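Results of the structural survey
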There are 2 protein chains.
Amino acid sequence: MSKKTTIYDIAESLGISPATVSRSLNDHPSISEKTKKKVLEAAKETGYRINKFASNLSLQKSNTIGVIVPRLNSDFMSTVLSGIETIANNAGYNLVISQSLELEEKEKFNTKTLFESGVDALLVSLANETMNYDHFSIFTDRKIPLLFFDRVIDLPNCPTIIIDNEAAGYQATEHLIQQGCKHVIHVSSGLNRSVYKLRYAGYRKALKDAGQNFRERVIQVDNFSPPETKKVIDYIKKSEIPIDGIFVSSDSLAVYIIKELRSNGYNVPNDIKVVGFNNDPVAQVITPELSTIEYPGYKMGKLAGQSILSHLNGSINIETADQIILKHRLIIRESSQK
Amino acid sequence: MSKKTTIYDIAESLGISPATVSRSLNDHPSISEKTKKKVLEAAKETGYRINKFASNLSLQKSNTIGVIVPRLNSDFMSTVLSGIETIANNAGYNLVISQSLELEEKEKFNTKTLFESGVDALLVSLANETMNYDHFSIFTDRKIPLLFFDRVIDLPNCPTIIIDNEAAGYQATEHLIQQGCKHVIHVSSGLNRSVYKLRYAGYRKALKDAGQNFRERVIQVDNFSPPETKKVIDYIKKSEIPIDGIFVSSDSLAVYIIKELRSNGYNVPNDIKVVGFNNDPVAQVITPELSTIEYPGYKMGKLAGQSILSHLNGSINIETADQIILKHRLIIRESSQK
DNA sequence: GTAATTTATGTAACCGGTTGCGTAATTGGT
DNA sequence: ACCAATTACGCAACCGGTTACATAAATTAC
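Residues numbered from 1 in each chain as written. Chains lettered and ligands numbered in written order. Predicted model: local features only at pLDDT ≥ 70, side-chain atom pairs only at ≥ 80, totals over all residues. Heavy atoms only, no water.

**Structural notes on the relation of the copies chain B and chain A**
Two chain copies here: they are related by a rotation about an axis and a translation along the same axis. The test is simple: Least-squares fitting of one copy onto the other uses the C-alpha atoms of those residues that reach a pLDDT of at least 70 in both copies. The criterion used for residue contact is that any of the two residues' heavy atoms lie within 4.5 Å.
If you rotate chain B by 180° and push it 0.0 Å along the axis, it lands on chain A with an RMSD of 0.1 Å. Such a combination of turn and shift is consistent with a two-fold rotation axis. Here 98% of the interface residues in chain B have copies in chain A that are interface residues too; the copies meet face to matching face.

Below is the structure:
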């Protein structure tokens, strides 16, 4: 395999034209079986490999799908990505994945980079920081399929895949109230993204329906990493009214909170009950096991992949913007049971 | 932005040649500042965007790095990927990520796909199943940089990034013995990959050095998912000699084992001490906290990215195969303390 | 046996940048 | 004012497939 062979090399060695070689390799109907066979053999012998650069240029498509996520290393997101990859891979598409790290600037940069690199479609879960969505217009203007999942925004002709976050927030809170909690607080990251805003809305609605709306209290953390736990614990310790329930918008933070509560002498669930979000694997291995909202990440990824593929195949009219809402489920475990 | 503008459009509108436009856009030294300015302005006004397909074809490079990992959705791997992405993104490279799902066939397929799509370099962490490595020759034959990390194989001119798995296995086992364990078993996935083989070797060596080599026993699990826990628990229950120490090659499995042990009435660490591997976040939130080997995944990812970039930039001679060994560290927590 | 079809292949333009080489234009030296 | 050295830019080939259209060859029709 010293130097690469091209369709021109094959054409010359077989005494036919490059066009015929190209058509043979693509199984074009107007080429005789005999010729196709000859070409295929020659291709195999010479170790011919298609030059995608040339093919992409000619066809103006790359068989590549771009993905922008806030971060790769979260249980939920890597599970979603795994689902997307599975679908894309089976369909022969490559996946270009990049992280925004929750920064609007980086999301903009990645959007532009992926556009220029010629992805056939883009899947996005928005950064927390992002307030302006103009950077996506290079995709929407040119009718390049653009889909949002989890952290979504409603743009014309862009499908979204979500769960009913408000209902989930409502159920989590309602459950805590039903378990006897009188002062449930909510721990969330910034409320810029609709996922968090809606969970918060659900939380408030549940309190209101229970006649506790004056007790609404949300603790905003910068992110779901361990150091943020302190803010929550401090609030609880200083609170004049005794906090007896916490609805956390993330399992990973919820488990740190539980751990910290316990080492501060609180009994979970007897003193304080906790419900998380996502149903990360960790929820089942900590003590006490964490009640949470099941969020079907793998399924979301597969659906995102399938949805975008059907747009690319034209089997769905690109103008038909659709919204897919996946089922969530409250999972009651030890951390919230009286 | 109706139709896309090309360098030909700009050339025509400015009355200059496409070559000059191209050179201006690339800040070529032999173009006057005046002309460059004109071109840049025209480019901005018309919303010109480079066509990477054409550029790639001409330059025979894609500014893209391929990655093949066993699976995306593991704490460790997604952390490594996060590190790779950070480096690649900062250097203006795209990352095409695919999963082998531990299958040799899929790894072969992905290798071929990534080759054909023209990645400038390939980073691989091998599938458990892979026994034959010929599929990588399309890369090595053409001197396309190929690097292995974590699950590596020694191929000519391919850098590898690893930790000293044998030493880590030794230390984990030695620690258990020092804590008084008399019958330490090892839980590992298939021993095909060197990471696992070496940890096992370290385990055996530690036993041998302690004069316990006749007690060596490894439990092989198919993967590190919860259902595999049963095999381990069953073994321990049925064992005639009382097992009092477990060295597990994965934190995620170790925590399930601990959980299952506890619900079977064993006290960890008093009855059985456990050491895991990786230092996943979960290790710090379970009860008891899990002793483990710290495996610097993010750093490994960054180094993999940097190493491959320096190969691409030619700052390292491609012929100089190198091996980077990262520092690991035994972290002693509750699960292994007497 | 000749015209009308059908089938198989070739021609050449196109996708949109990149770059070696040649040349015109500008600057400099004396 | 004349020749040399720079500097700035254009020409044209090239990267390697793809495909509309034209054409030659093989079949079928009558």
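Still more to cover.
**What to know about the packing of aromatic side chains**
Quick note on the threshold: In this analysis, rings of Phe, Tyr and Trp, with Trp reduced to its six-membered ring, are considered paired at centre separations within 6.5 Å, and the interplanar angle assigns stacked below 30 degrees, edge-to-face beyond 60, and tilted for intermediate values. Working rule: Lys NZ or Arg CZ, within 6 Å of ring centre, within 35 degrees of ring normal, means a charge sits over the ring.
Under the defined criterion, the tally for this structure stands at 14 aromatic pairs over all chains. Through a chain of ring-to-ring contacts, three or more aromatic side chains come together here, namely A:Phe76, A:Phe247, A:Phe277 and A:Tyr295. Above the face of the B:Tyr200 ring, B:Arg204 is positioned so that its terminal group lies 4.5 Å from the ring centre.

**Observations regarding the protein's contact with DNA strand D**
Which entries qualify depends on this criterion: Any residue with a non-hydrogen atom lying within 4 Å of a molecule or strand is treated as near it. Pairing of N or O atoms within 3.5 Å defines a polar contact, subject to two protein rules: one partner must be a possible hydrogen donor and the other a possible acceptor, and residues neighboring in sequence count only if both atoms are side-chain atoms. Only runs of H or I of at least four residues qualify as helices and only runs of E of at least two qualify as strands under DSSP, and these elements are numbered from the N terminus.
What surrounds DNA strand D is a group of 29 residues, the closest being A:Tyr8, A:Arg23, A:Ser58, B:Thr20 and B:Thr35. For DNA strand D, the backbone portion of the atoms within 4 Å of the protein, that is sugar and phosphate, comes to 60%. Contact distances for DNA strand D include 3.3 Å between a sugar or linking oxygen and a side-chain N or O atom of B:Gln60. Sorting the residues of the surface near DNA strand D by element identifies α1 (7-14), α2 (18-25) and α4 (52-59) of chain A together with α2 (18-25) and α4 (52-59) of chain B as the ones contributing at least two each. Looking at the surface near DNA strand D element by element, the count peaks at five residues for α4(A).

**A few points about the sheet that holds strand β9 (residues 273-275) of chain B**
Residues and elements named next belong to chain B. Here is the rule: At least two DSSP bridges between two strands are required for those strands to pair. Helix axes use the C-alpha atoms of the stretch in contact, all axes being lines fitted to C-alpha atoms, and the angles between their N-to-C directions lie in the range 0 to 180 degrees.
Taken together, four strands build an open sheet; the order of strands is β7-β6-β8-β9 and the sheet is parallel. What marks the edges here is a single partner per strand, and that holds for β7 (218-221) and β9. Put simply, the sheet's adjacent strands are angled 20° from each other on average, direction ignored. Relative to strand β8 (residues 245-248), strand β6 (residues 184-189) runs parallel, the two sharing four bridges. By the bridge assignment for β8, Ile185 is matched with Ile246.

**Quick look at the protein's contact with DNA strand C**
Taken together, 30 residues lie around DNA strand C, and A:Thr20, A:Thr35, B:Tyr8, B:Arg23 and B:Ser58 are the ones closest in. Each atom of DNA strand C within 4 Å of the protein belongs either to a base or to sugar and phosphate, the latter forming 57%. At 3.4 Å from a sugar or linking oxygen of DNA strand C is found a side-chain nitrogen or oxygen belonging to A:Gln60. Here a phosphate oxygen of DNA strand C and a side-chain polar atom of B:Asn26 are 3.0 Å apart. The leading source of residues in the surface near DNA strand C is α4(B), at five residues.

**As for the environment of A:Lys182**
Residues and elements named next belong to chain A. With respect to the helices, strands and loops of the structure, Lys182 is situated in the loop between α8 (165-178) and β6 (184-189). Counting along the chain gives 30 residues from Lys182 to Gln212, while the straight-line C-alpha distance between them is 7.9 Å. Non-local contacts of Lys182, meaning those with residues more than four positions away in its chain, are made with Gln212, Arg215 and Asp244.

**Description of the interface of chain B and chain A**
We apply this condition: What gets called buried area is simply the loss in accessible area from a 1.4 Å probe that two parts show on being joined, summed for both. For salt bridges, the criterion is a side-chain nitrogen of Lys or Arg within 4 Å of an Asp or Glu carboxyl oxygen.
The interface is formed by 55 residues belonging to chain B together with 55 residues belonging to chain A. Together, B:Arg49, B:Phe53 and B:Val285 form the three largest contributors to the area buried by chain B at its contact with chain A, with a combined 16%. Our enumeration of links across chain B and chain A arrives at four salt bridges. Between A:Glu116 and B:Arg49 there is a salt bridge, with its nearest N and O atoms 3.5 Å apart.

**Re the side chain of B:Ser307**
Residue and element names in this part refer to chain B. Here is the rule: Here's how the labels work: a residue is buried when its accessible area is under 20% of the maximum for its type, exposed when over 50%, partly exposed in between, all with a 1.4 Å probe on protein chains only.
Tracing the backbone shows Ser307 in helix α12 (residues 297-312). On the basis of relative accessibility, which here comes to 7%, the residue Ser307 falls in the buried class. Among all residues touching Ser307, those that are not within four sequence positions of it are Leu147 and Pro159.

**Description of the nonpolar core**
Threshold: In plain words, nonpolar cores are sets of buried Ala, Val, Leu, Ile, Met, Phe, Trp, Tyr and Cys residues tied together by side-chain atoms within 4.5 Å.
Grouped together as the largest cluster of nonpolar side chains are 83 residues, with contacts concentrated most on A:Phe149 and B:Phe149. If near-sequence neighbours (up to four positions away) are discounted, A:Phe149 is found in contact with A:Val67, A:Val69, A:Met77, A:Val80, A:Ile84, A:Leu123, A:Val124, A:Ser125, A:Ile161 and A:Met300. Membership of the second largest hydrophobic core comes to 50 residues, among which are A:Ala254, A:Val268, A:Val274 and B:Ile257.

**Let's talk about the pairing of β8(B)**
All names here are of chain B. Worth spelling out the cut-off: Crossover handedness is defined by viewing with both strands directed away from the observer: a clockwise path from the first strand over the helix to the second marks the crossover as right-handed.
A two-sided burial pattern is seen for β8, the buried positions comprising Gly245 and Phe247 on one face and Ile246 and Val248 on the other. The pairing of β8 with β9 spans three bridges and is classified as parallel. Note on β9: the bridge partner recorded for Ile246 is Val274. Following the chain from β8 across helix α11 (residues 251-263) to the adjacent parallel β9, one finds a crossover that is right-handed.

**Some remarks on the domain arrangement of chain A**
Residue and element names in this part refer to chain A. To keep things clear, this is the line we draw: Where each domain starts and ends comes from a domain assignment, either automatic or drawn from a database. Under the scheme applied here, ten amino acids are nonpolar (Ala, Val, Leu, Ile, Met, Phe, Trp, Tyr, Cys and Pro), four are charged (Asp, Glu, Lys and Arg), and all others, including Gly, are polar.
Its domain assignment divides chain A into domain 1 (7-50), domain 2 (61-163 + 297-326) and domain 3 (165-295 + 330-336). With 15 residues of domain 2 at the interface, the matching set in domain 3 holds 13 residues. In total, about 1200 Å² of surface goes out of reach between domain 2 and domain 3, with carbon and sulfur atoms giving 45% of it. Across the domain 2-domain 3 interface, the total number found is zero salt bridges. Linking domain 2 with domain 3 are nine residue pairs in polar contact (both at pLDDT 80 or more). At the level of elements, α5 (75-90) and α12 (297-312) are the ones that each hand at least two residues to the side of domain 2 that touches domain 3. Of the residues contributing to the side of domain 2 that touches domain 3, the split by class is eight nonpolar, three polar and four charged.

**Focus on the packing of α4(A) against α4(B)**
Where we set the bar: Angles below 35 degrees are treated as roughly parallel, those above 145 as roughly antiparallel, those between 65 and 115 as roughly perpendicular, and all remaining angles as oblique. Left-handed is the label given to a crossing in which the near helix is rotated counterclockwise from the far helix by less than a right angle, and right-handed is the label when the rotation is clockwise.
Between α4(A) and α4(B), whose axes approach to 8 Å, the crossing angle comes to 150°. By the angle class used here, α4(A) and α4(B) are roughly antiparallel. Crossing of α4(A) against α4(B): the hand is left-handed. Contacts between α4(A) and α4(B) involve A:Phe53, A:Ala54, A:Asn56 and A:Leu57 from the former and B:Phe53, B:Ala54, B:Asn56 and B:Leu57 from the latter. Looking at the contact of α4(A) with α4(B), its residues break down into six nonpolar, two polar and no charged.

**Considerations on α2(A)**
Residue and element names in this part refer to chain A. Short version of the rule: By arc we mean the arc of the directions from the helix axis to the C-beta atoms, nothing more.
All of the buried residues in α2 are Thr20, Val21 and Ser24. Seen along its axis, α2 keeps its buried residues to an arc of 100°; they face one direction. Following α2 by one or two positions, Asp27 adopts a phi angle in the positive range, close to 60°.

**Comments concerning the side chain of B:His186**
Residue and element names in this part refer to chain B. With respect to the helices and strands, His186 occurs in strand β6. For His186, a relative accessible area of 0% puts it in the buried group. A polar side-chain atom of His186 sits 2.8 Å from the main-chain carbonyl oxygen of Phe247. Non-local contacts of His186, meaning those with residues more than four positions away in its chain, are made with Arg199, Tyr200, Tyr203, Arg217, Val218, Ile219, Phe247 and Ser249.

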